[in-house]
Amino acid sequence: MARVLPLLSPAHLDRDFDYLVPPELDELAQPGVRVRVRFAGRLVDGYLLARLAHSDHDGKLVKLERVVSAERVLTPDILTLATAVATRYAGTRADVLRLAIPPRHARTESGGTKKVANSPVPQRDSSAHPDLDDPDATPRPDSEPVTSMSDAVSGSSARTPALSNPELAASGTAADVPAGADAVSASVVGSVVFDTSADSQVVPEASAAGVPDGADAGNARPTSTSVVDPAAWGRYVHGVAFLAALGEGKGPRAAWQTLPGEDWPRRLAELAAVVVERGRSAILMVPDQRDLDRVLVECVRLLGDSAVGLAAGLGPAARYRRWLAVLRGSARVVVGTRSAVFAPAGDLGLIAIWDDGDDTYAELRAPYPHAREVAMLRAHETGAAFVAAGFARTAEIQAVVDSGWAHDLVADRAVVRTAAPRISAPGDSDIAMERDPVARAVRIPAVAFAAARAALKEGAPVLVQVPRRGYIPSLACAKCRTPARCRHCNGPLALPEGRAQRTPSLAEAHSPSCRWCGITDAAFRCAACGSRALRAVVIGAARTAEELGRAFPGVPIRGSSGGAMLDVVEPGPQVVVSTVGAEPVAPGGYGVALLLDGWALLGRADLRAAEDALRRWMSAAALVRAHGQVIVMAEPSIPTVQALVRWDPVGHARAEVAARAEVGFPPAVRMAAIDGASDAVAELLSFATLPEGVDILGPVPLPEGARKPFSGDSPAEVERILLRVQRGSGAALARILAAAQAVRSTHRSDAPLRVQIDPVDIG
């Protein structure tokens with residue numbers, strides 16, 4: 001007998017089914033393999049969960065059609081995690097496993113070991129970035145078989161999967177970070193040596209990999225000793241103690257507030273090295289490909305080819321090859337984007353997430369989990385260490401710190417003042433207002449121009465952060481300030497960059513066009529007052545670069561946004577105009593950073609507007625050297641601006657948690673968003689027996705900018721209903737909504753519907 005989980009979409013079919021195993025498939029049909037089974041007259045994919053001697057089903061059993069591959073791709077850890085995620089987000093295990101396990105690539109799976117065994121490893125230039133897409137870049141020796149899943153699922157009914165693993169339960173819970181150990185001047189944790197001599201430096205790439213200069217560091221094996229910079233971790237309270245706990249195999253959980261100017265990719269790689277030295281594995285998650293490349297380079301320098309990168313942008317063969325390397329144990333460190341949280345890393349010792357406030361961590365496919373929440377679930381189940389790192393802090397991480405599940409890993413205020421640049425806002429004092437009475441009214445005040453000129457005179461680059469790309473992405477009536485809208489689709493009108501470059505001013509510009517449908521409005525007239533004059537509401541990065549080019553003649557002006565994103569800029573006097581999140585790194589740091597149009601970030605109609613604005617400002621300010629200057633163009637009295645000036649992300653997060661608790665928003669409560677046509681939403685609620693104390697908010701139209709729960713033709717209106725309960729009732733609400741979706745699927749309701757637990761975009 002074989003217990004199989006078919007990958008079926010209907011919610012009421014999220015169950016295990018028993019099948020007969022033909023004699024010819026008996027050897028291949030092992031727990032964790034992909035199988036094909038016949039269900040309701042058609043062949044479907046599935047995963048074999050367990051082998052059984054007999055079945056509790058009294059009827060006739062269907063035979064297993066075939067075993068797709070002998071590779072055991074579904075490990076007990078991933079099955080346990082998928083079950084927990086499906087329960088947490090009111091989804092199905094099939095949907096979670098589609099996110100967790102990549103599609104099979106037959107040639108890569110069957111030819112990996114043979115190709116490495118018979119082919120020499122090519123040598124590449126060590127100065128170049130290692131080509132990890134090369135099939136020979138990741139060795140795949142014969143690996144030990146994956147642990148059988150029979151222990152994880154035995155004893156359960158034929159319809160209920162196992163929810164726990166005895167091996168995970170025996171691993172124990174995570175330990176707290178010990179206090180007072182940061183006073184240690186030198187320590188040895190396992191085989192990781194912390195060199196505390198005055199002249200100690202981080203070992204360069206060739207030495208750290210244990211190979212001579214000129215050899216390929218990407219193919220080097222990690223040595224038995226890795227040098228970790230103690231001075232960098234010593235700047236944080238309990239920093240050395242945190243490393244000691246990692247080296248002892250414990251599972252400390254920390255919210256790490258990174259200092260400005262910190263080489264955070266190197267620090268994350270050092271955490272992974274400490275864990276790998278004990279024979280365990282680590283998962284490091286980053287928001288995008290640019291951060292992935294930076295962290296992966298540092299991991300390769302310390303650990304050689306035992307570090308791999310996983311991202312959705314990889315081709316099918318390259319992604320599956322690296323995923324198999326993790327599954328087979330030849331890769332011990334995984335650096336990736338949100339999908340890496342499901343990587344099948346065995347004996348997981350660390351899971352870290354950088355900048356968890358980035359919206360790319362929110363999965364766009366059902367059941368819409370957030371990588372941060374999945375990481376915490378996995379760390380809790382496995383007892384692995386957990387680190388949420390970043391320059392800013394989200395309210396969700398502050399909530400778990402307040403609960404005691406994680407602890408602060410922060411620097412002393414004196415250290416913060418030394419590392420942070422001088423941050424100010426125009427007109428933040430009476431003296432400043434006397435010097436420049438219009439400092440708060442103009443877009444770039446005189447003090448900002450003076451600081452930029454001084455930095456350029458010293459030969460330092462200047463960073464200018466702009467919230468929007470393009471030329472003039474938003475227009476309004478010049479008389480009554482009503483936003484300019486398209487007469488055909490009601491979309492926003494804008495002045496595109498290519499068209500504006502041929503016109504010297506907005507008054508002489510060609511007609512604006514719609515950003516939605518692209519139709520040019522040659523005879524615009526305001527619907528409110530009838531005026532034909534237009535004014536710019538927001539200035540984009542292209543127009544900003546044009547204005548700065550006239551203000552600083554002879555100075556190179558570089559842009560970084562969208563598809564033309566810069567990773568690094570060369571040293572020297574220059575002005576870098578960047579949109580938020582696209583700021584390039586400058587060797588030695590920027591001399592000055594100008595954060596423009598602060599109102600555009602703070603004024604968004606979003607629950608996380610203030611939190612997101614502070615996160616983006618701090619990410620840009622952290623690129624400025626310690627003795628540099630940051631000027632934020634925003635109202636100085638706003639608490640978010642004050643948190644930036646003081647460099648106090650923890651205090652801002654605490655205030656954010658308190659404010660949300662007062663009005664009843666996550667993370668103080670659990671909230672479910674149900675999106676769909678009005679009939680579909682009403683049908684789902686009719687099947688749900690909601691718990692006591694639930695607040696029903698809505699229905700309201702779907703927030704502007706939110707993705708619709710379906711593609712193609714849509715009904716005239718998509719509405720949203722919010723269900724709010726206390727955190728203690730969150731699990732019950734998820735179970736009720738999952739059961740309601742199962743009942744609805746039995747009625748063959750085909751109206752599109754989406755259920756999200758704690759969505760990022762509430763409105």
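Above this text is the structure in question.
Keep in mind it's a predicted model, so treat the numbers as computed, not measured. (Residues numbered from 1 in each chain as written. Predicted model: local features only at pLDDT ≥ 70, side-chain atom pairs only at ≥ 80, totals over all residues. Heavy atoms only, no water.)

*Asks:* Whenever I open this one, the pairing of strand β13 (residues 348-354) confuses me. Can you help?
*Replies:* Side-chain positions along a regular strand alternate between the two faces of the sheet. Within β13, seven of the seven residues are buried, which leaves the element mostly enclosed by the surrounding structure. Bridge count for strand β10 (residues 281-285) against β13 is five bridges, and the pairing is parallel. Directly across from L284, in β13, lies its bridge partner A352. Taken together, the five bridges between β13 and strand β14 (residues 385-390) define a ladder with parallel strand orientation. Residue pairing across strands places I351 opposite F386, the latter belonging to β14. Where the polypeptide runs from β13 across helix α12 (residues 371-382) and back to β14, its parallel neighbour, the crossover connection is right-handed. (Buried < 20%, exposed > 50% of the residue type's maximum accessible area, 1.4 Å probe, protein only. Helix = DSSP H or I, 4+ residues; strand = E, 2+ residues; numbered from the N terminus. Pairing = 2+ DSSP bridges. Right-handed = clockwise from strand over helix to strand, strands pointing away.)

*Asks:* I tried to follow empty space enclosed by the protein on my own but got confused; where do I start?
*Replies:* It is a probe the size of a water molecule, rolled over the atoms, that shows where empty space is left. Overall, the coordinates contain six cavities of 30 Å³ or more when judged by the stated rule. Counted as a void, the largest cavity has a volume near 80 Å³. Around the largest cavity sit L99, R338, S339, V341, F342, Y361, E363, R365, P369, H370, A371 and V374, which together line it. Grouping the constituent residues of the lining of the largest cavity by class yields seven nonpolar, two polar and three charged. There is about 60 Å³ of room inside the second largest cavity. Every residue along the wall of the second largest cavity is listed here: L99, A100, P102, L310, R319, W323, S339, A340, F342 and A343. Among the elements of the structure, α2 (93-100) and α11 (316-328) are those that each provide at least two residues to the lining of the second largest cavity. Residue composition of the lining of the second largest cavity, by class: eight nonpolar, one polar and one charged. (1 Å grid on protein atoms, 1.4 Å probe; cavity = no way out; pocket = protein on both sides within 12 Å on 5 of 7 lines; lining within 4 Å. Points joined across faces, edges and corners; volume = space filled by probe spheres on them. Nonpolar A, V, L, I, M, F, W, Y, C, P; charged D, E, K, R; others polar.)

*Asks:* Honestly, the sheet that holds strand β28 (residues 719-726) in this entry has me stumped. Any pointers?
*Replies:* Two strands in a sheet stick together by hydrogen bonds in their backbones, pointing the same way (parallel) or opposite ways (antiparallel). Strand order in the open sheet made by the four strands is β27-β28-β26-β29, with antiparallel pairing throughout. Unpaired on one side and paired on the other, β27 (695-701) and β29 (753-757) mark the two borders of the sheet. Neighbour to neighbour, the strand axes of the sheet diverge by 15° on average, direction disregarded. Pairing of strand β26 (residues 669-676) with β28 involves eight bridges; the strand directions are antiparallel. Note that in β28 the partner of R670 across the bridge is V725. Packed onto the sheet, helix α23 (residues 678-687) meets β26, β28 and β29 and runs at close to 135° relative to β26. (Axes fitted to C-alpha atoms, helices over the stretch in contact; angles between N-to-C directions. Contact = heavy atoms within 4.5 Å.)

*Asks:* What exactly am I supposed to notice about the pattern of salt bridges here?
*Replies:* Pairing is possible between side chains of opposite charge, provided their charged atoms come close. If you walk through the whole model with that rule in mind, you get 45 salt bridges. A salt bridge links E262 to R235; its shortest N-O distance comes to 3.0 Å. Residue E262 is located in the loop between β9 (253-257) and α9 (264-276), and its partner R235 is located in the loop between α7 (230-234) and α8 (239-247); the two are separated by 27 residues in the primary sequence. Residue classification places R235 among the partly exposed residues on the basis of a relative accessible area of 30%. Each of R235, E262, R266, R267, E270, E298 and R301 takes part in a single network of salt bridges with overlapping partners. (Salt bridge = Lys/Arg side-chain N within 4 Å of Asp/Glu carboxyl O.)

*Asks:* Please clarify how the nonpolar core should be interpreted in this entry.
*Replies:* Burial of nonpolar side chains together is a common tendency in soluble globular proteins. In this structure, I283, M285, F342, I351, F386 and L737 are the most contacted members of the largest nonpolar core, which totals 71 residues. Beyond its immediate stretch of four places on either side in the chain, I283 contacts V334, A340, V341, A343, A345, L348, L350, I351, A352 and R378. (Core = buried A, V, L, I, M, F, W, Y, C linked by side-chain atoms within 4.5 Å.)

*Asks:* When you look at α12 in this model, what are you seeing that I'm missing?
*Replies:* For an α-helix, 3.6 residues make a turn, and residues three or four places apart therefore share a direction. For α12, spanning twelve residues, the distance from its first C-alpha to its last is 16 Å, which sits close to the expected 16 Å at 1.5 Å a residue. Of all twelve residues that make up α12, nine are buried, and the element is covered over most of its length. Within α12, burial applies to A371, R372, E373, V374, A375, M376, R378, A379 and T382. Two residues or fewer past α12, G383 is found with a positive phi of approximately 75°. (Expected span 1.5 Å × (residues − 1).)

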